[in-house]
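One letter stands for each residue in the lines below.
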Amino acid sequence: MSLLTKIDHPLVEHHLCTVRDKSTSCSEFRTAIERLAVLVGVYATEDLITQPTTIQTPIAAANCHKLAMPIGLVPILRAGLGMVHPLQNLLPDASVWHLGLYRNEETAEPVGYYDKLPSRGAPSVALVLDPMLATGGSVEMVISRLKSWGVNEIRVLSIIAAQPGIDRVERDFPDVKLYVAAIDPELNEQSFIVPGLGDAGDRIFDTPQNG
Ligand SMILES: O=P(O)(O)OC[C@H]1O[C@H](OP(=O)(O)OP(=O)(O)O)[C@H](O)[C@@H]1O
Ligand SMILES: O=c1cc[nH]c(=O)[nH]1
Ligand SMILES: [Mg+2]
């Protein structure tokens, strides 16, 4: 059974046009990433476990359901920060655990530079946030770290994922669920996703690297 969910939804298609377009402004890009993160987030949380509870409305008692497990959001710095607020809105009680990685420009291998996870207290479910899954190296480094921390269930939320990166994560971590808005076929020589959207972190934070 594949644990990959590619979200087919007209709103996803619409907002993907905005993030892919090189003429989209930085603020429009951020907003579209947030809208896509909500859409991916809804699908990535649709089977979270809830427990029954009774709520007193102004009229009568109502049978309701509350989320039953501690959930952690794990944005991969920097670009993953662009998905935090929309997911926090959906999951206001989730804790947020930051991990900082960048890709070496020559090798495309991930380099870790920020990790303050405590030795204990891992959430039951971790939602890893990163708009881009290219070679899969960054997300695999994070998955390994979360597993060694003790997270039981890991779900990766991405906006655009490349097929080679998906294949790699499915091969190395068959228990990890992937939720993506788009699957692109390939990577270029610099390991950028084709057609992709360029460098997500630079477009979110308006830090162009080449002019
Ligand atoms: O699947 P991979 O080949 O590892 O590539 C994906 C990673 O690359 C980007 O981060 P980047 O290194 O550009 O850092 P940034 O978010 O600080 O821009 C992106 O946000 C992912 O974290
Ligand atoms: O295409 C890519 C690949 C990695 N990181 C990005 O931001 N974009
Ligand atoms: Mg980047």
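Residues numbered from 1 in each chain as written. Chains lettered and ligands numbered in written order. Predicted model: local features only at pLDDT ≥ 70, side-chain atom pairs only at ≥ 80, totals over all residues. Heavy atoms only, no water.

The protein chain carries the name Uracil phosphoribosyltransferase in an unreviewed UniProt entry, which gives Novipirellula rosea as its organism. Under the heading Pathway (unreviewed entry), UniProt records this for the protein chain: "Pyrimidine metabolism; UMP biosynthesis via salvage pathway; UMP from uracil: step 1/1." The heading Cofactor (unreviewed entry) in the UniProt record of the protein chain holds the text "Mg(2+)". (UniProt positions renumbered as here; feature names shortened; annotations may be inferred.)

Draft legend 1. The arrangement of helix α4 (residues 137-149) in detail. In this model α4 runs 19 Å from its N-terminal to its C-terminal C-alpha over 13 residues, within 8% of the 18 Å that 1.5 Å per residue would give. Those residues of α4 that fall on the buried side of the exposure criterion are Gly-137, Ser-138, Val-139, Glu-140, Val-142, Ile-143, Leu-146 and Trp-149. Taken from the residues just after α4, Gly-150 is the one with a positive phi, measuring 115°. (Helix = DSSP H or I, 4+ residues; strand = E, 2+ residues; numbered from the N terminus. Expected span 1.5 Å × (residues − 1). Buried < 20%, exposed > 50% of the residue type's maximum accessible area, 1.4 Å probe, protein only.)

Draft legend 2. Focus on the coordination of the magnesium ion (ligand 3). At this site the magnesium ion (ligand 3) is bound by Asp-199 (OD) and Asp-199 (OD), with donor distances of 2.4 to 2.7 Å. Position of Asp-199 among the secondary structure elements: in the loop between β13 (193-194) and α6 (200-205). (Donors = N, O, S within 2.8 Å, 3.2 Å for Na, K, Ca; no water.)

Draft legend 3. The side chain of Ser-138, seen in detail. For Ser-138, the location among the structural elements is in helix α4. Owing to a relative accessible area of 17%, Ser-138 belongs among the buried residues under this scheme. Non-local contacts of Ser-138, meaning those with residues more than four positions away in its chain, are made with Ile-76, Leu-101, Arg-103 and Pro-110. (Contact = heavy atoms within 4.5 Å.)

Draft legend 4. Region of the structure containing the pattern of salt bridges. Considering all chains together, one arrives at twelve salt bridges under this definition. The residue Asp-47 makes a salt bridge to Arg-155 at a minimum N-O spacing of 2.7 Å. One end of the pair, Asp-47, is in the loop between α2 (26-44) and β2 (50-56); the other, Arg-155, is in strand β10 (residues 153-162), and 108 residues separate them in sequence. With a closest N to O distance of 3.2 Å, Arg-168 and Glu-140 form a salt bridge. Of this pair, Arg-168 sits in helix α5 (residues 163-172) while Glu-140 sits in helix α4, placing them 28 residues apart in sequence. A network of salt bridges, in which partner residues are shared, links Asp-47, Glu-153, Arg-155 and Lys-177. (Salt bridge = Lys/Arg side-chain N within 4 Å of Asp/Glu carboxyl O.)

Draft legend 5. Representation of the packing of α4 against α5. α5 packs onto α4 with a crossing angle of 25° between their chain directions and a minimal axis gap of 9 Å. Overall, the two elements α4 and α5 adopt an arrangement that is roughly parallel. In this structure, α4 crosses over α5, and the sense of that crossing is right-handed. Only Arg-168, Val-169 and Asp-172 of α5 make contact with α4, whose side of the interface consists of Gly-137, Val-139, Glu-140 and Ile-143. Broken down by class, the residue content of the contact of α4 with α5 amounts to three nonpolar, one polar and three charged. (Axes fitted to C-alpha atoms, helices over the stretch in contact; angles between N-to-C directions. Parallel < 35°, antiparallel > 145°, perpendicular 65-115°, else oblique. Left-handed = near helix turned anticlockwise from the far one by under 90°. Nonpolar A, V, L, I, M, F, W, Y, C, P; charged D, E, K, R; others polar.)

Draft legend 6. Quick look at the UniProt feature "domain: Phosphoribosyltransferase" (unreviewed entry) in the protein chain. According to UniProt, the positions carrying the feature "domain: Phosphoribosyltransferase" (unreviewed entry) are residues 7-207. With 33% helix and 31% strand, residues 7-207 has its two end C-alpha atoms placed 29 Å apart.

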